[in-house]
Amino acid sequence: PDLALLRAGILDQVPTADQVLLLVEVADTTLARDRSVKLPQYSKAGIPEVWIVALTEGYVEVYRRPAADGYGEMRRYQRGEAIVQISVAALGEVLVDDILGTT
């Protein structure tokens, strides 16, 4: 992943899946691979939340409720919307425009 938010105290070791709160993939040319290869692996590992930032398409996909056969919830957030991050309450709302920048 391009970014991982981990539980407190994970500094000097490679994190395990149960220590990961949120993974972020930033996709330009890798969008299809991130969805078809990485996302199923994250779901099987039990990663609670994954964001795929689709740079060229201009949206953020948020996946939640992992299961062995994929994520049970997916929502696409467009510019002008806010993502409410549930795994890390301290983040609160994250504006899609802050992630993608202004057009």
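Residues numbered from 1 in each chain as written. Predicted model: local features only at pLDDT ≥ 70, side-chain atom pairs only at ≥ 80, totals over all residues. Heavy atoms only, no water.

Trainee: Which parts of the structure should I look at to understand the nonpolar core?
Mentor: One broad trend across soluble globular proteins is that nonpolar side chains are buried collectively. Counting residues in hydrophobic clusters, the biggest one holds 13 residues, and the most contacted among them are I47, V50 and Y71. Mapped by element, the contributors of at least two residues to this core are β2 (20-27), α1 (31-45), β3 (49-54) and β4 (59-67). Leave out the neighbours within four places in its chain, and I47 touches A17, V20, L23, Y42, P66 and Y71. If you look at the next biggest cluster of nonpolar residues, it comprises 11 residues, including W51, Y77, V94 and L100. (Core = buried A, V, L, I, M, F, W, Y, C linked by side-chain atoms within 4.5 Å. Buried < 20%, exposed > 50% of the residue type's maximum accessible area, 1.4 Å probe, protein only. Helix = DSSP H or I, 4+ residues; strand = E, 2+ residues; numbered from the N terminus. Contact = heavy atoms within 4.5 Å.)

Trainee: How should I be thinking about the packing of aromatic side chains in this particular structure?
Mentor: Geometrically, a pair of aromatic rings is defined through the distance of the ring centres and the angle of the planes. Counted under the stated rule, the structure contains 1 aromatic pair. Geometry around Y59 places R76 over its ring, the cationic atom sitting 4.1 Å from the centre. (Phe/Tyr/Trp six-rings, centres within 6.5 Å; stacked < 30°, edge-to-face > 60°. Lys NZ or Arg CZ within 6 Å of the ring centre and 35° of its normal.)

Trainee: Whenever I open this one, the pattern of salt bridges confuses me. Can you help?
Mentor: Any two side chains of opposite charge can pair if their charged atoms end up close together. All told, the structure shown has 7 salt bridges when counted by the stated rule. Between D34 and K38 there is a salt bridge whose closest N-O contact spans 3.8 Å. On the criterion of helical spacing, the pair formed by D34 and K38 is a turn pair, its members being 4 residues apart in helix α1. This pair shows no difference in class: D34 is buried, exactly as K38 is. Among the ionic pairs, R76 bridges to E61, the shortest N-O distance being 2.8 Å. Of this pair, R76 sits in strand β5 (residues 70-78) while E61 sits in strand β4; the two residues are 15 residues apart in sequence, bridging distant segments of the chain. (Salt bridge = Lys/Arg side-chain N within 4 Å of Asp/Glu carboxyl O.)

Trainee: Could you clarify how one ought to interpret unusual backbone geometry in this entry?
Mentor: The bulk of non-glycine residues show a negative phi, and the bulk of peptide bonds are trans. Phi is positive for R65, which is not a glycine, with a value near 65°. With respect to the helices and strands, the residue R65 is situated in strand β4. Assessed through its relative accessible area of 53%, R65 is described here as exposed.

Trainee: Please clarify how the sheet that holds β5 should be interpreted in this entry.
Mentor: Pairing between the strands of a sheet is mediated by backbone hydrogen bonds and can be parallel or antiparallel. With mixed pairing, the 5 strands of this open sheet are ordered in space as β1-β2-β3-β4-β5. The two strands at the open ends of the sheet, each matched to only one other strand, are β1 (3-6) and β5. Strand-to-strand, the axes of this sheet are offset by a mean angle of 15°, without reference to chain direction. Of the strand pairs in this sheet, β1 and β2 are connected by 4 bridges, and their pairing is antiparallel. When the bridges of β2 are listed, L3 appears paired with V24. The sheet contacts of α1 involve β2, β3, β4 and β5, and relative to β4 the element is tilted by about 30°. (Pairing = 2+ DSSP bridges. Axes fitted to C-alpha atoms, helices over the stretch in contact; angles between N-to-C directions.)

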